[in-house]
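Results of the structural survey
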Amino acid sequence: MFALNFNKIIMPIFYGKVALVEFLNSVKSTNSTIGFVPTMGALHQGHLSLMQQSLAENQHTVVSIFVNPTQFNNAEDLEKYPRTLEEDTKKITQLDPNIIIYAPTVDDIYEGKVTSQDFDFDGLENQMEGKFRPGHFNGVGTIVKRLFEIVSPDNAYFGEKDFQQLQIVKKMVSKNHLNVKIIGCNIFRETNGLAMSSRNERLSAEEREKASIIYQTLLEAKEKFKTQDCNEVKNWVNTIFESNDIFDLEYFEIADEETLIPCEKQSKDKNYRAFIAVFVNNIRLIDTISLK
């Protein structure tokens, strides 16, 4: 552990789990609640909104910054993922100097064995993202479970942009009987509706502006779903992107929020959600919207 000093504000940063656990044990002895926001860094306002919710609901907040190698299917993506610890730390400091930062090394997390644990997520892992990123959710489950074991939070906060990941984490917590409440938080969007993501920084100004088509398509799909069946809406979305020369649609799916099983025929007793993944110049953007 050491402290960074930005404008005379002191904030604790931990690189190792032993010191962090020792510090958190002293915090827990006061019967305080701990909120936890796991991130891979390259922080934006969406991440900060999760921290704000944690700050409002807990006496202490821990934020982890760790680019997890086991959830990347593409080695090039892992290499290109931005690592901006100093900038991230400044943003967190400006939000609240009392937030506890855990920025571990790969060895501190994996102890020399950078491999994923195999999980059974009851099929949640086989839909959407799982079809295109094999093994990804085993990597997610591995790192989140490990971080929960280290931090032992009362509440953990995840953005709904990665809704499938949110459901995966809830399933992992349930199956492993972990004593942590998982809280999904609203998607934070740019002014044009584009869901905030670290990947957005790789877009050109023109691409970033035109990427508003993703959210606009979801909004229109939500309206159409009120009067049309699942396949009609999906066909309409496919047509929209077939005529677009900038964005390539990887998938658009309408699925049951609980099971993530794709909708074949609407059922009144189910809650549905639309999911989309789009490429622009090899930059992959995802988004989602409730169809309630």
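Residues numbered from 1 in each chain as written. Predicted model: local features only at pLDDT ≥ 70, side-chain atom pairs only at ≥ 80, totals over all residues. Heavy atoms only, no water.

1. What about the nonpolar core?
Grouped together as the largest cluster of nonpolar side chains are 40 residues, with contacts concentrated most on Phe148 and Ile182. When residues in this core are grouped by element, the largest group, 8 residues, is from helix 7 (residues 136–151). No fewer than three residues from each of domain 1 (13–185) and domain 2 (200–290) sit in this core. In this structure, Ile182 is in contact with Phe148, Ala156, Phe158, Leu166, Val169, Lys170 and Val173, ignoring residues within four places of it in sequence. One finds Ala211, Ile213, Cys230 and Ile283 within the second-largest nonpolar core, a separate group that totals 27 residues. (Core = buried A, V, L, I, M, F, W, Y, C linked by side-chain atoms within 4.5 Å. Buried < 20%, exposed > 50% of the residue type's maximum accessible area, 1.4 Å probe, protein only. Helix = DSSP H or I, 4+ residues; strand = E, 2+ residues; numbered from the N terminus. Domains from an automatic or database assignment. Contact = heavy atoms within 4.5 Å.)

2. Observations regarding helix 7
Between its first and last C-alpha, helix 7 extends 23 Å over 16 residues, near the 22 Å set by a 1.5 Å rise per residue. Within helix 7, 14 of the 16 residues are buried, which leaves it mostly tucked inside the rest of the structure. Just downstream of helix 7 lies Ser152, where phi reads positive at about 50 degrees. (Expected span 1.5 Å × (residues − 1).)

3. Regarding the state of the cysteines
Tallied over the full model, the rule gives 1 disulfide. Put simply, Cys230 and Cys263 are joined by a disulfide, and their sulfur atoms are 1.8 Å apart. One end of the pair, Cys230, is in helix 11 (residues 230–242); the other, Cys263, is in the loop between strand 8 (248–256) and strand 9 (272–280), with 33 residues separating them in the sequence. The class for Cys230 is buried, based on a relative accessible area of 0%. Accessibility expressed as a relative area gives 2% for Cys263, which makes it buried. (Disulfide = S-S within 2.5 Å.)

4. Observations concerning the domain arrangement of the chain
Partitioning the chain into domains gives domain 1 (13–185) and domain 2 (200–290). The gap between the C-alpha centroids of domain 1 and domain 2 is 26 Å. Facing 13 residues of domain 1, the contacting portion of domain 2 comprises 16 residues. Of all residues in domain 1, Met128, Phe132 and Phe163 give up the largest surface area on contact with domain 2, accounting jointly for 39% of the area buried on that side. Scanning the region where domain 1 abuts domain 2 turns up 2 salt bridges. In this structure, Arg284 and Glu129 form a salt bridge, with 2.8 Å as the shortest nitrogen-oxygen distance. (Buried area = accessible area lost by both parts, 1.4 Å probe. Salt bridge = Lys/Arg side-chain N within 4 Å of Asp/Glu carboxyl O.)

5. Quick notes on the UniProt feature "active site" (unreviewed entry) in the chain
With numbering aligned to this structure, UniProt lists the feature "active site" (unreviewed entry) at His47. Relative to the elements of secondary structure, His47 occurs in helix 2 (residues 45–57). Apart from residues no more than four positions distant in its own chain, His47 is found in contact with Thr39, Gly41, Ala42 and Ser198. (UniProt positions renumbered as here; feature names shortened; annotations may be inferred.)

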